[in-house]
Amino acid sequence: MAAVQETIDQVKSIDVTEYKYGFVTEVEVDKPAKGLTEDTVRYISARKNEPAWMLEWRLDAFRRWKTMTEPTWSRVQYPPIDYQDLYYYAAPKTGASPKSLDEVDPAILATYEKLGIPLREQEILAGVAPENRVAVDAVFDSVSVVTTFKEELKKAGVIFCSISEAIQEHPDLVRKYLASVVPVTDNYFATLNSAVFTDGSFVYVPKGVRCPMELSTYFRINEQNTGQFERTLIIADEGAYVSYLEGCTAPKRDENQLHAAVVELIALDDAEIKYSTVQNWFPGDAEGKGGIYNFVTKRGDCRGKRSKISWTQVETGSAITWKYPSCILRGDGSRGEFYSIAVSNGMQQVDSGTKMLHLGRNTTSKIIAKGIAAGKSDSTYRGMVSAHRKATGARNFTNCDSLLIGDQCGAHTIPYIEAKTATAIFEHEATTSKIGEDQLFYCQQRGLSEEEAVALIVNGFVKEVLQQLPMEFAVEAQKLITISLEGSVG
Amino acid sequence: MLEIRNLTVKIADEDKQILNGLNLTVNDGEVAAIMGPNGSGKSTLSYVIAGKEDYEVLDGEILLNGENVLEMEADARAAAGIFLAFQYPLEIPGVATMTFLKAAMNAQRKARGEDELLTPDFIKQVNAAADKLGIAKDMLRRPLNVGFSGGEKKRMEILQMALLSPSMCILDETDSGLDIDALRIVAEGVNALRAKNRSFLVITHYQRLLDHIVPDTVHVMSKGRIVKTGGKELALELEKSGYAAYGEAA
Ligand SMILES: Nc1ncnc2c1ncn2[C@@H]1O[C@H](COP(=O)(O)OP(=O)(O)O)[C@@H](O)[C@H]1O
Ligand SMILES: [Mg+2]
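As the structure is a computational prediction, the values presented were derived from the model and not from experiment. (Residues numbered from 1 in each chain as written. Chains lettered and ligands numbered in written order. Predicted model: local features only at pLDDT ≥ 70, side-chain atom pairs only at ≥ 80, totals over all residues. Heavy atoms only, no water.)

**Some points on the overall build of chain B**
Of the regular secondary structure elements, chain B holds nine helices and ten strands. Judged by the C-alpha coordinates and their principal axes, chain B covers about 55 × 40 × 35 Å. Contacts spanning at least 24 positions in sequence make up 68% of the contacts within chain B whose residues lie at least 6 apart. As displayed, chain B offers around 10,700 Å² of accessible surface, 48% of which is attributable to carbon and sulfur atoms. Positive and negative charge centroids in chain B, built from 28 and 36 side chains respectively, lie 5 Å apart. (Helix = DSSP H or I, 4+ residues; strand = E, 2+ residues; numbered from the N terminus. Contact = heavy atoms within 4.5 Å. Areas by Shrake-Rupley, 256 points an atom, 1.4 Å probe, with all protein chains shown as cover. Lys, Arg positive; Asp, Glu negative; His and termini not counted. Charge placed at Lys NZ, Arg CZ, Asp CG, Glu CD.)

**A look at the site of ligand 1**
Residue and element names in this part refer to chain B. By nearness alone, 13 residues border ligand 1, and Ile 18, Gly 39, Lys 42, Ser 43 and Thr 44 come closest of all. A distance of 3.0 Å is found between an oxygen atom of ligand 1 and a backbone nitrogen or oxygen belonging to Gly 41. Here an oxygen atom of ligand 1 and a backbone polar atom of Ser 43 are 2.8 Å apart. Notes on ligand 1: free accessible area 560 Å², of which the protein chains cover 67%. Element by element, the count of residues in the shell around ligand 1 is highest for helix α1 (residues 42-50), at three residues. Classifying every residue of the shell around ligand 1 gives four nonpolar, six polar and three charged. (Near = heavy atom within 4 Å. Polar contact = N/O pair within 3.5 Å; in protein donor to acceptor, adjacent residues only side chain to side chain. Nonpolar A, V, L, I, M, F, W, Y, C, P; charged D, E, K, R; others polar.)

**What about the packing of helix α6 (residues 150-164) of chain B against helix α7 (residues 180-193) of chain B?**
All names here are of chain B. The geometry of α6 relative to α7 is characterised by a closest axis approach of 10 Å and an angle of 10 degrees between their N-to-C directions. Here α6 lies roughly parallel to α7, going by the angle between them. Touching Arg 155, Ile 158, Met 161 and Ala 162 of α6 are Ala 182, Ile 185, Val 186, Gly 189, Val 190 and Leu 193, all from α7. Class assignment of the residues belonging to the contact of α6 with α7 gives a composition of eight nonpolar, one polar and one charged. (Axes fitted to C-alpha atoms, helices over the stretch in contact; angles between N-to-C directions. Parallel < 35°, antiparallel > 145°, perpendicular 65-115°, else oblique.)

**Remarks on the environment of Phe 295 of chain A**
Looking at the element boundaries, Phe 295 of chain A is found in strand β12 (residues 291-302). Sequence-wise, Phe 295 of chain A and Thr 198 of chain A are 97 residues apart; in three dimensions their C-alpha atoms are separated by 16 Å.

**Quick look at the coordination of the magnesium ion (ligand 2)**
Within the first shell, the magnesium ion (ligand 2) binds the protein through Ser 43 of chain B (OG) and Gln 87 of chain B (OE1), at distances of 2.1 to 2.3 Å. In this pair, Ser 43 of chain B sits in helix α1 while Gln 87 of chain B sits in the loop between β6 (82-85) and α3 (97-111), placing the two residues 44 residues apart along the sequence. (Donors = N, O, S within 2.8 Å, 3.2 Å for Na, K, Ca; no water.)

**Remarks on the interface of chain B and chain A**
Size of an interface: often given as the accessible area lost when the parts come together. On the chain A side, the residues contacting the 31 residues of chain B number 20 residues. Summing both partners gives a buried area of about 2,200 Å² for chain B against chain A, and 65% of it is carried by carbon and sulfur. Among the residues chain B hides against chain A, the three largest losses belong to Asp 75, Leu 90 and Pro 93 of chain B. Together they make up 22% of the total. Taken together, the connections running from chain B to chain A amount to two salt bridges. Put simply, chain B and chain A have eleven residue pairs in polar contact (both at pLDDT 80 or more) between them. For the side of chain B that touches chain A, the elements supplying multiple residues, two or more each, are α1, α2 (74-79), β6, α3 and α6 of chain B. Here the element with the most residues in the side of chain B that touches chain A is α3 of chain B; it accounts for seven residues. Looking at the side of chain B that touches chain A, its residues break down into 19 nonpolar, six polar and six charged. (Buried area = accessible area lost by both parts, 1.4 Å probe. Salt bridge = Lys/Arg side-chain N within 4 Å of Asp/Glu carboxyl O.)

**Re the confidence of the model for chain A**
Of the residues in chain A, 78% have a pLDDT of 70 or more, and the chain-wide mean is 82. Highest mean pLDDT in chain A belongs to strand β15 (residues 326-329) of chain A (97); lowest belongs to helix α1 (residues 2-13) of chain A (46). (pLDDT = per-residue confidence, 0-100.)

**With respect to the packing of aromatic side chains**
When we look at a pair of aromatic rings, we describe it by the centre distance and by the angle of the planes. For the structure on display, the rule yields 15 aromatic pairs over all chains. A connected cluster of aromatic rings, assembled from ring pairs, spans Phe 62, Trp 65, Tyr 83, Tyr 188, Phe 189 and Phe 295 of chain A. Cation over ring: Arg 210 of chain A sits above Tyr 241 of chain A, and NZ or CZ is 4.0 Å from the ring centre. Its end group placed over the ring of Tyr 47 of chain B, Lys 52 of chain B keeps NZ or CZ at 4.6 Å from the ring centre. (Phe/Tyr/Trp six-rings, centres within 6.5 Å; stacked < 30°, edge-to-face > 60°. Lys NZ or Arg CZ within 6 Å of the ring centre and 35° of its normal.)

**Describing the nonpolar core**
Counting 113 residues, the largest nonpolar core has Ile 372 and Ile 481 of chain A together with Leu 159 of chain B as the members making the most contacts within it. The leading source of residues in this core is helix α11 (residues 450-466) of chain A, at nine residues. With sequence-adjacent residues up to four places away left out, Ile 372 of chain A is seen in contact with Ala 342, Val 343, Ser 344, Leu 403, Ile 405, Val 458, Phe 461, Val 462, Ile 481 and Leu 485 of chain A. (Core = buried A, V, L, I, M, F, W, Y, C linked by side-chain atoms within 4.5 Å. Buried < 20%, exposed > 50% of the residue type's maximum accessible area, 1.4 Å probe, protein only.)

**Concerning the UniProt feature "domain: SUF system FeS cluster assembly SufBD N-terminal" (unreviewed entry) in chain A**
UniProt annotation of "domain: SUF system FeS cluster assembly SufBD N-terminal" (unreviewed entry) refers to residues 153-211 of chain A when read in the numbering used here. Secondary structure content for residues 153-211 of chain A is 44% helix and 15% strand, while the C-alpha to C-alpha distance between its ends is 8 Å. (UniProt positions renumbered as here; feature names shortened; annotations may be inferred.)

**Let's talk about the pattern of salt bridges**
For the structure shown, the criterion picks out 33 salt bridges over all chains. One salt bridge in this structure joins Lys 323 of chain A and Glu 315 of chain A, with 2.3 Å as the shortest N-O distance. Of the two residues, Lys 323 of chain A and Glu 315 of chain A, neither departs from the other in class, the shared state being buried. Here Lys 52 of chain B makes a salt bridge to Asp 438 of chain A, at a shortest N to O gap of 3.2 Å. Of this pair, Lys 52 of chain B sits in the loop between α1 and β4 (55-64) while Asp 438 of chain A sits in helix α10 (residues 437-445), each in a different chain. We classify Lys 52 of chain B as buried; its relative accessible area is 13%. Assessed through its relative accessible area of 38%, Asp 438 of chain A is described here as partly exposed. Look at the salt bridges and you will find they share partners, linking Glu 272, Lys 308, Arg 335 and Glu 337 of chain A into a network.

Below is the structure:
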């Protein structure tokens, strides 16, 4: 109840019509002309001082992308994106790759502070127990502006830096693993990303190391008409463990902005990766104007025996979300998990879900997907579970629940199941419930206010997934969910 | 004390008037019954007292202990002591009955400026009240009313009434859907709550319930107003002659 109360107080204290992360930071930027040609790709690569192999790799992706067409199979609808009317690179002029916090533009530090993400290690250290520390990689438009706690992580042998830095400093690891999970031509947006990706995080946890703190990356889109093409690569070597969290916001703008990310996870024998996302991109206004188009390819490869990858996501933002974090269960005895809360309100459209591909023997997976739709929003869960001929003893449990608030929204569940071995056991449960005015009146008749009633019902609905998040983020996420649903009834 | 004067109500977005200048007084400690044919406006009356928004009050007033409740939100009316046992209780998905009960009790306490309940006290109260109504413990862990039978839902309404200890209890067709044993348990639950400072408005279509909850007063409702008032013998009379004498078919 304490958390519910906190949520309510939080909701009351804010102006509900305002997306509170919608401010713009004034910084001088460096960006090329609008549009996408081979020259744009060369420009990005040159700006990052990339080695020749990287440029070649990008150009190859770009040539392939030009021959592809945008997918149309999802349930989301949007006007055609003019890829020539976007900026593909924007970097703050000062400190494109600063060595220390002192070199970061104070306006940018202030931005992160305003977002509730202090970057000064001393400030983070004050009053925080070592096990609760979080190292942050802050990505502002197209570049990583700073990564905290690098030294401390290095002592443990953990590499945590921007992908740009990794290309310079750890080219062997990058060349070995980049696109080894999401091939360059996997899909239209992944190919585009391969050509023009700007920044993102790189993590390598060596054999037998348990990463001593939570790692997180915070993405901020600031510039107008600028696409953000994030590329993240996380490798957990044999017996390693890492928990990683990603957060995102963007200013309120009238036009739509594009975020096309590729995230690859690789877990070797007995390794475990926990990847959590709290996504709060600007969703657009009540009429559906503006907001982020979030087209993301996230895939984990349980390459080693008994390895484990777990995706947890809380999605409240974006005008359009197109996202299917997946697991390839290649190693025998490996396990994939997907926990998701997708909240949509206003005119938001969400088409999300997961894929669990069972390739190895005795592989297991679990999917818990909770969709909450309010306003005039539309939410689709799309899940695919498949077992290869050799995946004997594969097991999956899927639970997919939808909660509709009001009667103008929609929720759809589309499961695909494919078992090529008779020994696979797949279970699927799905429910749809609705909160209408009658239920809210019933709660009010018992003394609960309308906000308390919504918070109570929603918190009960999402509890199982929130429990998967690190504590501090669970509290944040719960607030975020309640705030996103403000004004959704009555 | 509940005083309703000249209450005139229509459906909010239709031109349909349902209550037509209804007058009714329920004194402290009184058990009043309202009987009337289906469609005469009994549920509407209970909803308007409790503050449901689908209705528009065109005229009249509702006073609870002298205070006009029409200006209050539904949750404020609940905190002021109004409780409605619904004819069709709603299902609250994902919220365990225990969690719901605690949230409701604490919300009302907070509205009245009282401290939150301590968990051990809360659990004791709930268990004692549930035992009396023959409600099994495992039901309290299930989401409120989800998949409950009609009879279980009605018992759950009385459990909430007992725990929230309201001063004005409205029971809308609590007898419908109950077999005779359940009816007896529910009636005993209600009788146990009868008190000097607590009033009841028992709405029913049939006399049967009033054999178990014996009213002080019986009102006959027809076409959105009270057309006759008498003692408990009026209920027996109605049972014999039906509602025809009041201009409606039984
Ligand atoms: N929300 C509503 N919308 C439309 N008609 C309604 C609504 N509520 C009640 N009515 C109508 O008002 C009349 C009285 O209904 P009700 O109060 O439920 O009567 P009772 O409980 O005595 O059977 C009926 O004709 C019913 O159809
Ligand atoms: Mg009725």
